[in-house]
Structure formats: C-alpha cells, structure tokens
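Examining the three-dimensional arrangement
Letter by letter, the chains look like this.
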Amino acid sequence: MHIAFQNVSYSYMIGSPFEKQALASVNAHISSGSFTGVVGSTGSGKSTLMQLINGLLLPTSGEVQLGDARLHRKTKRKEVKQMRKKIGMVFQYPEHQLFGSTVEEDMLFGPRHLGMDVNSIRKRLPALLDIVGIGEDVLPVSPFSLSGGQMRRIAIAGVLATDPEVLILDEPAASLDPAGHRALLDVLKTWHDERGLTSILVTHDMEDAARYADDIIVMGPAEKPVTSGPPAEVFRQVEWLSDIGLAAPPSIRIAHALQSAGWDIRDTLLEPEAMAAVVANQWTRGKKEG
Amino acid sequence: MLQNIVIGQYIPVDSPLHRLDSRAKILCLLALAVIVFLANEFWSYTALVTTVILFVVLSRVPLKFFLKGLLPIFILIIFTFFLHAFFTNEGAVLFSVLGFSVYSGGIEQGVYISVRIGSLVVFASLLTLTTTPIDLTDGFESFLRPFKRFGLPAHEMALMMSISIRLIPTLLLEADRILKAQAARGADFAKGSLRTRLETLTAFIIPLFVRSFKRAEDMATAMDARGYRGGEGRTKLRVLKWRARDTIACIIVAGVGVVLALLRDF
Ligand SMILES: Nc1ncnc2c1ncn2[C@@H]1O[C@H](COP(=O)(O)OP(=O)(O)OP(=O)(O)O)[C@@H](O)[C@H]1O
Ligand SMILES: [Mg+2]
C-alpha cells in the first residue's frame with residue numbers, strides 16, 4: 001500500500017499551556033512494497049509519524065494517504081478502524097501490552113477484535129511462534145512467566161497473526177542482545193519479503209537502516225523536517241547527518257574516509273563483513289605494490 | 001487519547017501569587033474559607049466578588065482554567081440556587097410556578113449562596129493553579145510536623161503524597177501508550193458487546209498494573225541503593241523561605257476579613 005504524508009503537522013496537548021509541536025509540515029512518501037527505515041534523533045517525532053499512519057493520532061493539519069484512503073483532522077472513527085485492520089503496529093517495548101492469562105489468549109486478542117476468523121488463526125499459532133523462534137509449548141503458559149525477550153517475540157507474533165498489509169515496527173529490537181537483535185529483524189524482513197508487505201522500521205541503529213531498508217527517511221530539525229532517499233544517497237551526506245546528531249554506520253564512514261584518501265573503493269554501501277573484505281584486499285594489494 | 005488531560009493543576013506562568021511561599025498560600029486559603037462565610041448582604045458580597053476578581057487577575061492564569069474547575073460543581077450551584085429560590089419566603093412575590101411562589105428574597109439568597117460556593121472553589125483553585133505540587137506537599141508537611149509527637153508520620157505522608165503526584169504524569173503516559181497499543185490491535189474502547197468491552201478493559205488494566213508494580217519495585221530499589229532511610233535527620237534540597245511578601249499577603253487577606261466583617265449585617 002502506498003503511503004504519503006502531505007504537509008502533515010501534529011501538536012500534542014493542543015490548547016493547553018503544554019502544547020508541543022512534534023511534527024511541522026512533513027512531506028514524505030513510502031512506496032508500496034518497500035521496506036523503509038525511519039531514523040532521527042530522540043524526540044524528532046518518529047513515533048508520532050508512525051501513529052499518524054494507523055490513525056492513532058490524526059494530523060492537526062495536512063493529510064495522510066494510505067492507498068485510496070485519507071486520514072485528516074476530520075476523519076471519522078469508523079473509517080479509522082477500517083483502516084487499522086490492514087495495518088499492524090509493533091510499538092516500542094511491545095511486551096508491555098501483554099495481558100492474557102495464556103499466550104494463546106493474548107495472541108488471539110487482535111484477530112478477535114478485528115473480526116477475523118479466530119478458529120483458523122488458532123491453528124496457525126504454532127507456525128507463527130516458530131517463525132519468531134519460540135516453541136509451541138508456551139501456548140498454554142502465562143506470558144508473565146516468560147523472559148523479556150520471549151515476551152517481546154510473542155507480542156510481535158500476535159501482531160503478525162492479524163495478517164497486516166502494512167507493518168509498522170517502532171524499534172522492535174531495542175534492548176535485545178546483539179544476536180537476538182539481528183535474528184528478530186531478519187525474521188521480520190523475511191516475513192516482509194515473502195508476503196510483499198509495505199514495512200516501516202523505526203530505528204536508532206544506522207547499521208540496521210543500512211542493512212535492511214530500501215529507502216530511508218531521516219527526521220531532521222525544524223527547518224528541514226524530513227529527507228529521504230535510498231541508503232546510498234542518504235549516507236553520503238556524512239556531515240549533514242552528524243550535524244543533526246546522527247552518524248552513518250561505521251563501515252560506511254570508514255569507506256568514505258578511505259575513498260577521500262585515494263583508496264579505490266567503489267561501493268561504499270556494502271555490509272560490514274563485505275566492506276572488511278574489500279579493505280583487507282586493498283591493503284594487501286597496496287603492500288605488494290610497495 | 002489521554003493527551004488533553006492537563007497534568008496536575010499547576011499553570012506555569014510568573015505572577016505575584018506564584019512567587020508566594022506555599023505555606024502563606026495555604027494559610028490564606030484557610031482564612032479565606034472562613035471569610036467567605038462572613039458575607040451576608042449586598043455590600044459584603046460585592047467586596048467578596050471584588051476580592052475574587054482581583055486575585056484571579058493577579059494570578060495571571062487564563063480564565064478558562066478557573067471555569068474548568070467550576071464546571072463540575074456547576075450542578076451543585078444550580079441546585080442550591082433553585083432550592084433557595086423556591087423555599088425562601090421573604091420579600092415580595094415575584095411569580096408562581098406549579099403552586100410555588102418565588103419571592104425576591106429567595107432569588108437574592110440563591111444568588112448569594114451561589115457566589116459563596118463559587119468563590120470558595122476559585123480560591124481553592126488559585127492555590128493549586130499557582131503552586132507546584134512539590135511546594136504544596138512541602139507546605140503541608142511543615143504544617144503536619146508539629147503533630148509528629150502524637151505519632152503522626154508527617155514525613156512519610158508527605159513523601160507518599162509527593163511520589164504519587166510525581167507519578168501521575170508517568171502513569172498517564174503509560175496508560176496512553178497501553179491504550180494505543182491495544183487500539184492498534186483492534187481494541188475499541190467505546191463500542192462492542194459487554195463481553196468484548198470487558199476484555200478490552202482487562203487488556204488495559206492488567207498491563208497498567210503490571211507496569212505500576214514493576215515501577216514501584218524499581219523505585220524502592222533505587223531509594224535503597226541511594227541510602228534512603230526515612231525522615232530522621234533528613235535535610236531538604238529546596239527550603240521553603242518565608243519572605244516579607246508572604247507576611248504582606250497574609251495581612252491583605254486579614255484586611256479583606258476585617259472589611260467583610262465591618263460591612264456585614266449583624
Ligand atoms: N503523549 C505526548 N504528550 C506530549 N508530548 C509528547 C507526547 N509524545 C511525544 N511528545 C513529544 O513530541 C516530540 C516527538 O516525540 P516522539 O515520541 O514522536 O519522538 P521519537 O522520535 O519517537 O523519539 P524516541 O527516539 O525517543 O522514541 C517529543 O518532543 C516529545 O516530547
Ligand atoms: Mg519513539
């Protein structure tokens with residue numbers, strides 16, 4: 001589903017002395033079927049932008065387009081709810097939303113409330129758990145008896161169970177160990193590829209953005225609220241990124257530095273392992289030539 | 001969803017009332033609560049209303065916040081107004097409805113009583129609108145301290161109060177996040193059968209409790225780790241300071257009391 005933001009502004013607590021503008025005239029678009037990374041420093045409005053996509057927040061002004069539907073200040077609740085069926089959203093710390101007395105009950109909460117066929121989904125639960133790397137023996141267990149990482153995976157599987165067309169991931173892997181972090185994002189990326197979803201990944205980790213995203217949206221300061229483009233283009237602006245408190249991934253920064261020092265590095269957007277190989281290769285060749 | 005709730009009551013603007021010591025403001029409020037009942041005829045009520053308007057202007061708090069405070073007790077005011085209007089049989093008969101005669105004295109009494117309740121609420125709002133919750137608890141604690149020798153845990157009570165006040169915004173934020181997370185999973189808090197609504201409610205309450213207990217535990221650990229061991233010998237980072245302006249404020253309020261006492265009918 002194609003998603004576009006047109007002059008979207010959003011302010012929290014409007015009309016109170018604590019009014020706070022989180023987004024000012026944002027224009028951006030996310031093409032159908034893409035895996036888009038959203039990066040930006042803390043408080044730049046990433047989570048706010050995500051909540052505007054599924055109508056948890058409605059723009060103070062401007063309009064969000066989702067396929068043929070439009071969300072604006074006056075959109076009716078009913079339409080919003082209709083939209084929401086197509087959008088799965090994994091919040092920061094999704095494990096905080098668990099409540100069921102069993103894992104199964106919790107995972108079926110979404111499908112039941114969205115009016116889906118609960119019985120057929122019940123049969124799919126073991127497969128879903130398997131995808132996020134958990135055995136089906138946890139189904140009858142209380143979610144609160146599991147570890148934090150397991151709880152997170154179950155919460156995510158519960159969102160996948162609703163079979164969304166658009167998947168919004170707000171730092172799904174924050175505070176997991178490095179291996180768990182990679183594993184979880186790999187799972188979500190595979191799910192995205194297999195189902196042809198439109199996915200959006202909010203992350204603090206530039207390495208993740210470079211590794212998984214087809215497109216990147218950078219949430220910047222007020223004068224230039226968003227910039228977007230493919231990773232290669234975005235990460236080329238090393239200086240601008242560091243001006244707004246972000247940094248390109250280390251491997252890309254090193255590649256750029258070596259390039260400007262005259263090294264022959266053509267593709268600066270390789271994954272860290274590949275980049276290491278290129279650098280090592282150049283190094284040994286340089287030594288031989290003297 | 002919960003974003004329109006103004007957290008606490010405090011409105012952060014700078015005004016003479018904001019700058020007063022919280023103890024002075026509490027004392028003045030107590031005095032005013034008595035003074036309000038001194039008014040009993042036209043001129044003393046006029047003096048009372050003038051005082052209210054003066055204080056509101058002095059506080060620099062936008063009028064709508066006072067109206068917000070008055071709204072919940074509006075029904076009470078209307079009710080007492082009609083009660084007096086119908087059941088006071090003084091003065092000239094103005095008109096009759098449904099066999100009840102309404103006297104001019106009744107209308108007069110109704111207006112007076114409404115003004116009295118309204119003024120009380122405005123004075124109470126003035127205290128909470130111009131004093132930070134922390135200052136307010138500090139103020140209360142210093143008034144409770146003398147009762148410690150009778151076994152009143154003044155410090156603990158104040159600590160409990162300030163922790164709860166401190167955690168209200170956090171709790172609201174947490175509640176907002178959980179509401180949103182469940183709404184994103186299809187929960188509709190406004191519609192549905194009794195059974196679905198009960199389930200949505202559980203889906204909201206349980207995570208909120210789990211998080212609150214977790215937070216309380218973390219807080220206790222953090223306090224332990226920093227060596228907290230109760231109120232004995234504890235000093236304060238922010239010490240309340242009684243200044244000349246606080247004495248002046250008290251004198252002004254006393255003056256209002258004297259004026260009203262002189263104006264009233266005995
Ligand atoms: N419920 C709220 N009420 C008031 N202000 C809010 C609320 N949520 C966010 N804000 C403010 O809006 C701005 C944007 O917040 P947002 O959560 O969208 O940022 P973010 O980019 O997701 O940050 P992070 O990286 O820390 O998650 C921040 O300045 C924040 O203080
Ligand atoms: Mg965020």
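Summarised in this report is the structure supplied together with it. The structure presented is a predicted model; accordingly, all values stated were derived computationally and were not measured.

The next subject is the overall build of chain B. Each helix and strand counted, chain B has nine helices and two strands in total. Helices and strands in chain B line up, N terminus first, as α-α-α-α-β-β-α-α-α-α-α. For chain B, the C-alpha radius of gyration of 24 Å lies well beyond 18 Å, the compact-globule estimate for 266 residues. Along the first, second and third principal axes, the C-alpha set of chain B runs to 70 × 60 × 40 Å.

The next thing to look at is the site of ligand 1. Taken together, 16 residues surround ligand 1, and among them Gly43, Gly45, Lys46, Ser47 and Thr48 of chain A come closest. Around ligand 1, the neighbouring residues derive from chains A and B rather than from a single chain. Contact distances for ligand 1 include 2.7 Å between an oxygen atom and a side-chain N or O atom of Ser47 of chain A. Considered on its own, ligand 1 offers 630 Å² of accessible surface; in the complex 75% of this is hidden by protein. Elements with a minimum of two residues in the shell around ligand 1: strand 2 (20–30) and helix 1 (46–53) of chain A. Per element, the largest residue contribution to the shell around ligand 1 is three residues, and it comes from helix 1 of chain A. Its residues placed into classes, the shell around ligand 1 shows four nonpolar, nine polar and three charged.

Our focus in this paragraph is the sheet that holds strand 7 (residues 166–170) of chain A. All names here are of chain A. Strand order in the open sheet formed by six strands is 6-7-8-3-9-10, with mixed pairing between adjacent strands. The sheet is open, and its two borders are formed by strand 6 (87–90) and strand 10 (226–229), each paired with just one other strand. Sheet twist, expressed as the average angle between the axes of neighbouring strands with direction ignored, equals 15°.

Turning our eyes to something else, we now look at the pattern of salt bridges. What the rule picks out here adds up to 17 salt bridges over all chains. In this structure, the salt-bridge partner of Arg19 of chain B is Asp14 of chain B, at a minimum N-O distance of 3.2 Å.

All right, on to the state of the cysteines then. All names here are of chain B. The full count for this structure, using the stated rule, is zero disulfides over all chains. Cys250 provides the cysteine sulfur closest to Cys28, a residue in no disulfide bond, and the two sulfurs are 4.1 Å apart. For Cys250, a relative accessible area of 22% corresponds to the partly exposed category.

So, about the packing of helix 7 (residues 154–184) of chain B against helix 8 (residues 194–225) of chain B. Residues and elements named next belong to chain B. At a minimum axis separation of 10 Å, helix 7 and helix 8 run at an interaxial angle of 140°. Classified by the interaxial angle, the pair formed by helix 7 and helix 8 is oblique. Note that helix 7 runs across helix 8; the crossing there is right-handed. From helix 7, Leu159, Ile163, Leu167, Thr170, Leu171, Glu174, Ala175, Ile178, Leu179 and Gln182 reach across to helix 8, where they touch Ala203, Phe204, Pro207, Leu208, Arg211, Ser212, Arg215, Met219 and Met223. Partitioned by chemical class, the residues of the contact of helix 7 with helix 8 number 13 nonpolar, three polar and three charged.

The rules we used
- Residues numbered from 1 in each chain as written.
- Chains lettered and ligands numbered in written order.
- Predicted model: local features only at pLDDT ≥ 70, side-chain atom pairs only at ≥ 80, totals over all residues.
- Heavy atoms only, no water.
- Helix = DSSP H or I, 4+ residues; strand = E, 2+ residues; numbered from the N terminus.
- Rg over C-alpha atoms; globule rule 2.2 N^0.38 Å.
- Near = heavy atom within 4 Å.
- Polar contact = N/O pair within 3.5 Å; in protein donor to acceptor, adjacent residues only side chain to side chain.
- Areas by Shrake-Rupley, 256 points an atom, 1.4 Å probe, with all protein chains shown as cover.
- Nonpolar A, V, L, I, M, F, W, Y, C, P; charged D, E, K, R; others polar.
- Pairing = 2+ DSSP bridges.
- Axes fitted to C-alpha atoms, helices over the stretch in contact; angles between N-to-C directions.
- Salt bridge = Lys/Arg side-chain N within 4 Å of Asp/Glu carboxyl O.
- Disulfide = S-S within 2.5 Å.
- Buried < 20%, exposed > 50% of the residue type's maximum accessible area, 1.4 Å probe, protein only.
- Parallel < 35°, antiparallel > 145°, perpendicular 65-115°, else oblique.
- Left-handed = near helix turned anticlockwise from the far one by under 90°.
- Contact = heavy atoms within 4.5 Å.

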